[in-house]
Amino acid sequence: MSDKNRVLIFDTTLRDGEQSPGATMTHDEKLEIAEMLDEMGVDIIEAGFPIASEGDFRAVSEIATRSKQSVICGLARANIKDIDRCAEAVRNSERPRIHTFIGTSPLHRAIPNLTMDEMADKIHETVTHARNLVDNVQWSPMDATRTEWDYLCRVIEIAIKAGASTINIPDTVGYTAPMESADLIKRLIETVPGADDVIFATHCHNDLGMATANSLAAVAGGARQIECTINGLGERAGNTALEEVVMALKIRNDIMPFSTGIDTKKIMAISRRVATVSGFAVQFNKAIVGKNAFAHESGIHQDGMLKNKETFEIMRPEDVGLSGTSLPLGKHSGRAALRDKLEQLGFEVGDNQLKDIFVRFKDLADRKKEVFDDDIIALTHIGGDTEDDQLKLVTLRVACGTGGPAEATLVLDIDGKEHTAIERGDGPVDASFKAIRALHPNTANLQLYQVNAVTEGTDAQATVSVRLEEDGNIATGQSADTDTVVASAKAYLHALNRLLVRRGRTGEDTKEIRYTDAN
Ligand code: KIV
Ligand code: ZN
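Everything numeric here is computed off the predicted structure, so don't read it as measured data.

A. Structural context of the site of ligand 1. Taken together, 12 residues surround ligand 1, and among them Arg15, Asp16, Thr172, His203 and His205 come closest. Measuring from an oxygen atom of ligand 1, one finds a side-chain N or O atom of His203 at 3.1 Å. Between an oxygen atom of ligand 1 and a side-chain N or O atom of His205, the distance comes to 3.0 Å. For ligand 1, the accessible surface in isolation is 260 Å², of which the surrounding protein chains cover 100%. Listing elements by their share of the shell around ligand 1, those giving two or more residues are helix H1 (13-17), strand S4 (96-103), strand S5 (136-142) and strand S6 (166-171). Looking at the shell around ligand 1 residue by residue, the class counts come to 4 nonpolar, 6 polar and 2 charged.

B. Fine view of empty space enclosed by the protein. Enumeration over the complete set of coordinates arrives at 3 cavities of 30 Å³ or more. Within this model, the second largest cavity holds a volume of roughly 60 Å³. If you go around the second largest cavity, the residues you meet are Thr145, Ile169, Pro170, Asp171, Thr176, Ser181, Leu184, Ile185, Thr202, Cys204 and Ala218. Secondary structure elements with two or more residues in the lining of the second largest cavity: S6, helix H8 (178-191) and strand S7 (199-204). In terms of residue class, the lining of the second largest cavity is made up of 6 nonpolar, 4 polar and 1 charged.

C. Region of interest: the sheet that holds strand S11 (residues 417-425). Strand order in the open sheet formed by 3 strands is S9-S10-S11, and the pairing between neighbours is antiparallel. One side of each edge strand has no neighbouring strand; the edge strands of this open sheet are strand S9 (391-399) and S11. Put simply, the sheet's adjacent strands are angled 20° from each other on average, direction ignored. Across 8 bridges, S9 lies against strand S10 (residues 406-414) in antiparallel orientation. Residue Leu396 lies in a different strand from S10, and its bridge partner there is Leu410. On the sheet, helix H16 (residues 428-439) packs against S9, S10 and S11 and is oriented at approximately 135° with respect to S11.

D. Up close: the coordination of the zinc ion (ligand 2). Protein ligation of the zinc ion (ligand 2) involves Asp16 (OD), His203 (NE2) and His205 (NE2), the donor distances falling in the range 2.0 to 2.2 Å. Of note, the zinc ion (ligand 2) draws all its donor residues from one chain, in the sequence arrangement D-x186-H-x1-H. Taken as a pair, Asp16 in helix H1 and His203 in strand S7 lie far apart in primary sequence, 187 residues in all. Assessed through its relative accessible area of 5%, His203 is described here as buried.

E. The pattern of salt bridges, seen in detail. Taken as a whole, this structure holds 31 salt bridges when the rule is applied. Its salt-bridge partner being Lys286, residue Glu244 comes within 2.5 Å of it at the nearest N-O pair. Taken together, the residues span a long stretch of sequence, with Glu244 in helix H10 (residues 242-251) and Lys286 in the loop between helix H11 (267-278) and helix H12 (299-307) at a distance of 42 residues. A single salt-bridge network, built from bridges that share partners, covers Asp363, Arg367, Asp481 and Lys490.

Definitions and cut-offs
Residues numbered from 1 in each chain as written. Chains lettered and ligands numbered in written order. Predicted model: local features only at pLDDT ≥ 70, side-chain atom pairs only at ≥ 80, totals over all residues. Heavy atoms only, no water. Near = heavy atom within 4 Å. Polar contact = N/O pair within 3.5 Å; in protein donor to acceptor, adjacent residues only side chain to side chain. Areas by Shrake-Rupley, 256 points an atom, 1.4 Å probe, with all protein chains shown as cover. Helix = DSSP H or I, 4+ residues; strand = E, 2+ residues; numbered from the N terminus. Nonpolar A, V, L, I, M, F, W, Y, C, P; charged D, E, K, R; others polar. 1 Å grid on protein atoms, 1.4 Å probe; cavity = no way out; pocket = protein on both sides within 12 Å on 5 of 7 lines; lining within 4 Å. Points joined across faces, edges and corners; volume = space filled by probe spheres on them. Pairing = 2+ DSSP bridges. Axes fitted to C-alpha atoms, helices over the stretch in contact; angles between N-to-C directions. Contact = heavy atoms within 4.5 Å. Donors = N, O, S within 2.8 Å, 3.2 Å for Na, K, Ca; no water. Buried < 20%, exposed > 50% of the residue type's maximum accessible area, 1.4 Å probe, protein only. Salt bridge = Lys/Arg side-chain N within 4 Å of Asp/Glu carboxyl O.

Written out as structure tokens, the structure is:
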């Protein structure tokens, strides 16, 4: 396969994905996701929007320093201050890129109130400035799919002449359709002077459920960079899902003869990690990474699968990093068996992490006869208490039943001292949350409370996600336990601990500037 058929994968989980309300990640989580993206072969990582907050700046610059393979890119609006800040953040990368953009459609031009000529001058000035700071500049006409054709061609030509080497065509509001997406890229490449010397990228949103189809169509039209996020994370209906476009190009290479550099075996691990840290669970029937994507439960399907797997399976679970084995572990399984299982499941853990997971595994195995693969995966993703937590659960007892409110008796360790509260509520979870609030009064709004069973059976672990919002800061907490109420209380405490950390770092992780602001 020639280089002209190589499609670059540009991941924007840490920028467009993290920008999604409620998906805010901590600094360490961003570093961890960036490392996983780098290791899985993502060509370009858009690590954040450096001018948006101190937290974004710090994350982009540390990712730039640490990354080994990927190009590290930061986002900047079309102004000198944004671009300078972005250049400073990506400076330490071996391969830095500045991605600058401006909304070019009539609706977006109206926001900064610029005439077509004024905007064209601004594009020339800002792309030239970015190009003077780094060699690798990407430019995007935001809302390109609703921009007048002649004007789109004119501004792209200006950006190319000013030195942009990647021209990204965003379908910002998820409006285009596959035929149109292919045609737009094809005609731009045929029409705009200098188009042959740059890479055209496609950046689709999923408002009409067509992001994957539109991205692949754009590739058919000549685009050679797909912008996407893990699990399709992103504002509103999300962005193009990385796992979908990558697997589609791999499995249907017969009709789409394009390659990527992605190690597809790493897809499941990063999908789960992004779901955990963003608090956005993956829907069960989501293509490629959903819990049911490889489950064949109906009788007819199982019969067919036993005779020949290809009857109902177009790709192998192993191709995306799902283990073919599912022999459960039990309370007599030792550290070596656990390490072996973790390796089979695609997790490389250091000695300290193994020690921590082993303690929690033993605790779980004492309460649950068989510990399945999904239980182990939950143990790797959902940590226990950490030394730094200000609030720790000591004990929780709840009395509940028909004909009256539930009553929770809770003991919390707050900064090393134990405190007790007894509260009543509308059910065991409500009573427990009230008891937490009695011991740690707070004004955080509960935005999300979600429970999922990890495996089947009445002794299954429940994973609980809790999202809290306080003064514009959003924190998500997770926990897993065989007792749903205990998992709920721990998830609530996890989110509160994270809010406390954020409160301590003024401005951090607060998006002071959003990309939809006037440029
Ligand atoms: O959707 C969009 O237009 C964007 C741009 C900033 C590229 O995310
Ligand atoms: Zn976008």
